[in-house]
Amino acid sequence: MKPSSETYIPPSEITPQNLYNRRREFLRLSAGLALAGFLPPAEAKPGSGKASVFSTTETPTPFKQVTGYNNFYEFGTRKEDPAAYAHQLRITPWTVLIDGLVRKPKTLGLDDILKIAPLEDRIYRLRCVEGWSMVIPWLGFPLAALLRQVDALGSAKYVEFVTAVQPDAMPGVRHKILDWPYVEGLRLDEAMHPLSIMAVGLYGDALPKQNGAPLRLVVPWKYGFKSGKSIVRIRFTEQMPHSSWMKANPAEYGFYSNVNPNVDHPRWSQAKERRIGEFLKRKTLPFNGYEQQVTQLYTGMDLKKHF
Amino acid sequence: MRPQLQTPAQWRLKPLWLKALVFISSAMPLGWYAFGIQADSLGANPIEAITRGLGTWALNFLLMTLAATPLKHFAHWTWPLLIRRMLGLFAFFYASLHLLSYLWFDQFFDWPSIIKDIFKRPFITVGMATFLLLCPLAMTSTDGAIRRLGLPRWKKLHRLVYLAGILAVLHYFWMVKADMRTPLMYAVGLTLLLGLRAVWLLHKHRRPNRQ
């Protein structure tokens, strides 16, 4: 039995309705103690957002997996490391510097950022470059709304995202596995695309630290590593940003890193993926299933060359 | 090679106990994964944990096998020689399960895709080569095989294990995304085990009248 399309949901994956309705209660009960220590101040705590047309109807990956199986190398390279060590991250106070080729550079506090736009529920597929995927109910707002705050100059072509480094809290940054701070980037039009969001929560609650608290990028049609966690700086540039993964291995990680089943990672195929919780593999979809929405960003580009 | 047992009669039972103990401990990783599937304790991606874990154990047993000779030379321990064959066969056992889990859970026996993988991906090529090198060693692991081949030829054939060790570590290196610390640890271990052999050879060569 093979999943015939992306909308195929095995019966075992469907959470019983009564449990689903009580999901927040469960989360509070089970994760409440653990979360209580690192929730942002009450006024910054995101509530449940409004529904979005961009959300998938696929069944979300359970909270336990979403928050227990993470790549966040600052806390260690094992998938369990972020959940084990991220509690050490200090997220209050938190500011984001937005500068570079802009007319009005700004340092925004988290409270100000949360006032920029209403929060939306965005249930997105996430495809990791390693060949696994999840469905995550994010809570966030369009990145475009944040970027509009600073009035970009005409010369700005790219946006660079710099993420937090707290050496005393992050055991992973003591080793030079990547060039810290972790840097990622988008072309300006990619960043302004309505699918690109800043997430401040998941499963209706504040973002757990291992998922990139207090705010992170989510660009669902690209491999997961493009969506930087715990963002501290956004810089508008004319030159293409040099991301940490491009520096670590330019032959394997390109700037665009769009999910593409036809362009293999040099060391493994990207044609299929294992959805966390499933036994059989699924076919990976071009642009992670967001082809219709984003394909026009890349017209005329050879995506095998610009991988 | 069967080690010469020079133990007094009352110690003769010891090898049997040693072997039983080693056998049970060597089967424990498999038990761990079997239990882990039952108890759902292998994390969010149990299949990946199993595939990688089996590979790691194959490598662990390969290195343990390679430790027997240096331990004899430098620490004058002979008991590792008693269990070397068993450790080697466990290395092959875990390597086979590692390969099976790749063929099954990763590829679902999609042979065209597997063959493409073997030729296209160096780390798969090297992994497969390692397994192929281990096959004749496992097949000639019996006393009968040693007799049929004759000890000198058998020993020569079993030197393939050095190459298998090197390829296995390379397989690990080429699989890892960025954090090379664990494969590096294995590389250091292997270099030490092979290096000690070289040291021993030089030592023997220089003073041929002794030993």
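In the block above lies the structure referred to throughout.
About the thresholds
- Residues numbered from 1 in each chain as written.
- Chains lettered and ligands numbered in written order.
- Predicted model: local features only at pLDDT ≥ 70, side-chain atom pairs only at ≥ 80, totals over all residues.
- Heavy atoms only, no water.
- Helix = DSSP H or I, 4+ residues; strand = E, 2+ residues; numbered from the N terminus.
- Buried < 20%, exposed > 50% of the residue type's maximum accessible area, 1.4 Å probe, protein only.
- Contact = heavy atoms within 4.5 Å.
- Areas by Shrake-Rupley, 256 points an atom, 1.4 Å probe, with all protein chains shown as cover.
- Core = buried A, V, L, I, M, F, W, Y, C linked by side-chain atoms within 4.5 Å.
- Patch = residues over 30% accessible without salt bridge, like charges linked within 9 Å, V, L, I, M, F, W, Y side chains within 5 Å.
- Salt bridge = Lys/Arg side-chain N within 4 Å of Asp/Glu carboxyl O.
- Lys, Arg positive; Asp, Glu negative; His and termini not counted.
- Charge placed at Lys NZ, Arg CZ, Asp CG, Glu CD.
- Buried area = accessible area lost by both parts, 1.4 Å probe.
- Nonpolar A, V, L, I, M, F, W, Y, C, P; charged D, E, K, R; others polar.
- Pairing = 2+ DSSP bridges.
- Axes fitted to C-alpha atoms, helices over the stretch in contact; angles between N-to-C directions.
- Bend = angle between axes of the 7 residues up to and from the residue.
- Parallel < 35°, antiparallel > 145°, perpendicular 65-115°, else oblique.
- Left-handed = near helix turned anticlockwise from the far one by under 90°.
- Expected span 1.5 Å × (residues − 1).
- Phe/Tyr/Trp six-rings, centres within 6.5 Å; stacked < 30°, edge-to-face > 60°.
- Polar contact = N/O pair within 3.5 Å; in protein donor to acceptor, adjacent residues only side chain to side chain.
- 1 Å grid on protein atoms, 1.4 Å probe; cavity = no way out; pocket = protein on both sides within 12 Å on 5 of 7 lines; lining within 4 Å.
- Points joined across faces, edges and corners; volume = space filled by probe spheres on them.

Draft legend 1. Looking closely at the overall build of chain A. Broken down by element type, chain A carries nine helices and twelve strands. A buried classification covers 57% of the 307 residues belonging to chain A. By sequence separation, contacts in chain A at least 24 residues apart represent 73% of the contacts at least 6 residues apart. Total accessible area computed for chain A in this model is approximately 13100 Å², and 56% of it derives from carbon and sulfur atoms.

Draft legend 2. Broad picture of the overall build of chain B. In terms of regular secondary structure, chain B is built from nine helices and zero strands. Helices and strands appear in chain B in the N-to-C order α-α-α-α-α-α-α-α-α. Taken over 211 residues, chain B has a buried fraction of 43%. Considering only intrachain contacts with a sequence separation of at least 6, the fraction spanning at least 24 residues in chain B is 66%. In the form shown here, chain B has an accessible surface area of approximately 12700 Å², with 70% of it arising from carbon and sulfur atoms.

Draft legend 3. Inspection of the nonpolar core at higher detail. Core analysis: the largest hydrophobic core is formed by 82 residues, its most contacted members being Trp138, Ile234 and Phe236 of chain A. Ranked by residues supplied to this core, first place goes to strand β4 (residues 132-142) of chain A with six residues. If sequence neighbours within four positions are ignored, phenylalanine 236 of chain A has contacts with Ile98, Asp99, Gly100, Leu101, Val102, Leu147, Val150, Ala152, Ala156, Tyr158, Val159 and Leu188 of chain A. The next biggest cluster of nonpolar side chains, apart from the first, holds 46 residues, and it includes Ala95, Leu103, Val126 and Ala164 of chain B.

Draft legend 4. Expanded view of a positive patch on the surface. Taken together, the side chains of Lys72, Lys155, Lys156, Arg159 and Lys204 of chain B present a region of like positive charge at the surface. Position of lysine 204 of chain B among the secondary structure elements: in helix α9 (residues 181-206).

Draft legend 5. Geometry of the interface of chain A and chain B. The partner chain B presents 20 residues to the 26 residues of chain A that form the contact. Both faces combined, the contact of chain A with chain B buries some 2000 Å², and carbon together with sulfur accounts for 51% of it. Three residues, Arg267, Arg274 and Phe279 of chain A, lead the burial of chain A against chain B; their summed loss comes to 30% of the area buried on that side. Taken together, the links from chain A to chain B amount to four salt bridges. With a closest N to O distance of 2.7 Å, aspartate 264 of chain A and arginine 121 of chain B form a salt bridge. Tallied by class, residues from the side of chain A that touches chain B come to twelve nonpolar, seven polar and seven charged.

Draft legend 6. Geometry of the sheet that holds strand β2 (residues 106-109) of chain A. Residues and elements named next belong to chain A. With mixed pairing, five strands are arranged side by side in an open sheet as β2-β1-β10-β5-β6. Two strands bound the open sheet, and with one partner strand each, they are β2 and β6 (183-187). Going across the sheet, the axis of each strand differs from the next one's by a mean of 20°, ignoring polarity. Direction of pairing for strand β1 (residues 95-100) relative to β2: antiparallel, over a ladder of four bridges.

Draft legend 7. Summary view of helix α2 (residues 46-75) of chain B. At threonine 69 of chain B, α2 of chain B shows its largest bend, some 30°, and a proline, proline 70 of chain B, comes one to four positions later. One or two steps after α2 of chain B, the chain reaches histidine 76 of chain B, where phi turns positive at roughly 60°.

Draft legend 8. Seen up close, the packing of helix α8 (residues 160-175) of chain B against α9 of chain B. Residue and element names in this part refer to chain B. Contact geometry for α8 and α9: axes closest at 9 Å, N-to-C directions at 165°. In terms of axis orientation, α8 runs roughly antiparallel to α9. As α8 runs across α9, the sense of the crossing is left-handed. Here Tyr162, Gly165, Ile166, Val169, Tyr172 and Phe173 of α8 come into contact with α9, specifically with Thr182, Pro183, Leu184, Tyr186, Ala187, Leu190, Leu194 and Arg197. When its residues are assigned to classes, the contact of α8 with α9 shows eleven nonpolar, two polar and one charged.

Draft legend 9. Highlighting α8 of chain B. Residue and element names in this part refer to chain B. Between the first and last C-alpha of α8 there are 23 Å, a value that for 16 residues agrees with the 22 Å anticipated at 1.5 Å per step. Regarding α8, the residues found buried are Val161, Ala164, Gly165, Leu167, Ala168, Val169, His171 and Tyr172. Residues of α8 that are buried in the fold lie against α2, α3 (79-106), α5 (122-139), α7 (151-158) and α9.

Draft legend 10. Structural detail: the packing of aromatic side chains. Summed over the entire model, instances satisfying the criterion amount to 28 aromatic pairs over all chains. Consider the rings of tyrosine 73 of chain A and tryptophan 245 of chain A, whose centres lie 5.8 Å apart with planes at 65°: the pair is edge-to-face. Of the two residues, tyrosine 73 of chain A sits in the loop between α3 (63-66) and α4 (81-85) while tryptophan 245 of chain A sits in helix α8 (residues 244-248), which places them 172 residues apart along the sequence. Like tryptophan 245 of chain A, tyrosine 73 of chain A is buried. Ring centres of tryptophan 57 of chain B and phenylalanine 61 of chain B lie 5.9 Å apart, and the angle between their planes is 45°; this geometry places the pair in the tilted category.

Draft legend 11. Examining the side chain of glutamate 190 of chain A more closely. Residue and element names in this part refer to chain A. Along the chain, the position of glutamate 190 falls in helix α7 (residues 188-192). Within polar-contact distance, the side chain of glutamate 190 engages the side chain of lysine 222 at 2.8 Å. The residues contacting glutamate 190, other than those within four sequence positions of it, are Ser196, Trp221, Lys222, Phe255, Tyr256, Asn258, Leu297 and Tyr298.

Draft legend 12. Spatial organisation of the packing of α5 of chain B against α8 of chain B. All names here are of chain B. Between α5 and α8, the shortest axis-to-axis distance is 8 Å and the interhelical angle comes to 155°. Between α5 and α8, the angle falls in the class roughly antiparallel. The interaxial crossing formed by α5 with α8 has left-handed handedness. Residue-level contacts link Pro122, Phe123, Val126, Gly127, Ala129, Thr130, Leu133, Leu134, Pro136 and Leu137 of α5 to Leu160, Val161, Leu163, Ala164, Leu167, Ala168, Leu170, His171, Trp174 and Met175 of α8. In the contact of α5 with α8, the residues fall into 17 nonpolar, three polar and no charged.

Draft legend 13. Unusual backbone geometry, seen in detail. All names here are of chain A. Here the amide bond leading from threonine 92 into proline 93 is cis, since omega sits at 0°, within 30 degrees of zero. Note the cis peptide between tryptophan 180 and proline 181, where omega equals -5°. As for its position among the elements, proline 181 is in the loop between β5 (158-163) and β6. Phi angles above zero are rare outside glycine, and serine 257 is one such case at about 50°. Following the sequence through the fold, serine 257 ends up in the loop between α8 and β11 (272-275).

Draft legend 14. How the structure looks around empty space enclosed by the protein. All names here are of chain A. Evaluated as defined, the whole model comprises five cavities of 30 Å³ or more. Quantified by volume, the largest cavity comes out at close to 380 Å³. Every residue lining the largest cavity is counted, 26 residues in all, and those nearest its centre are Asn71, Phe72, Gly224, Phe225 and Lys229. Examining the composition of the lining of the largest cavity, we find that four residues originate from one element, β4, more than from any other. Residues that form the lining of the largest cavity fall into these classes: 15 nonpolar, seven polar and four charged.

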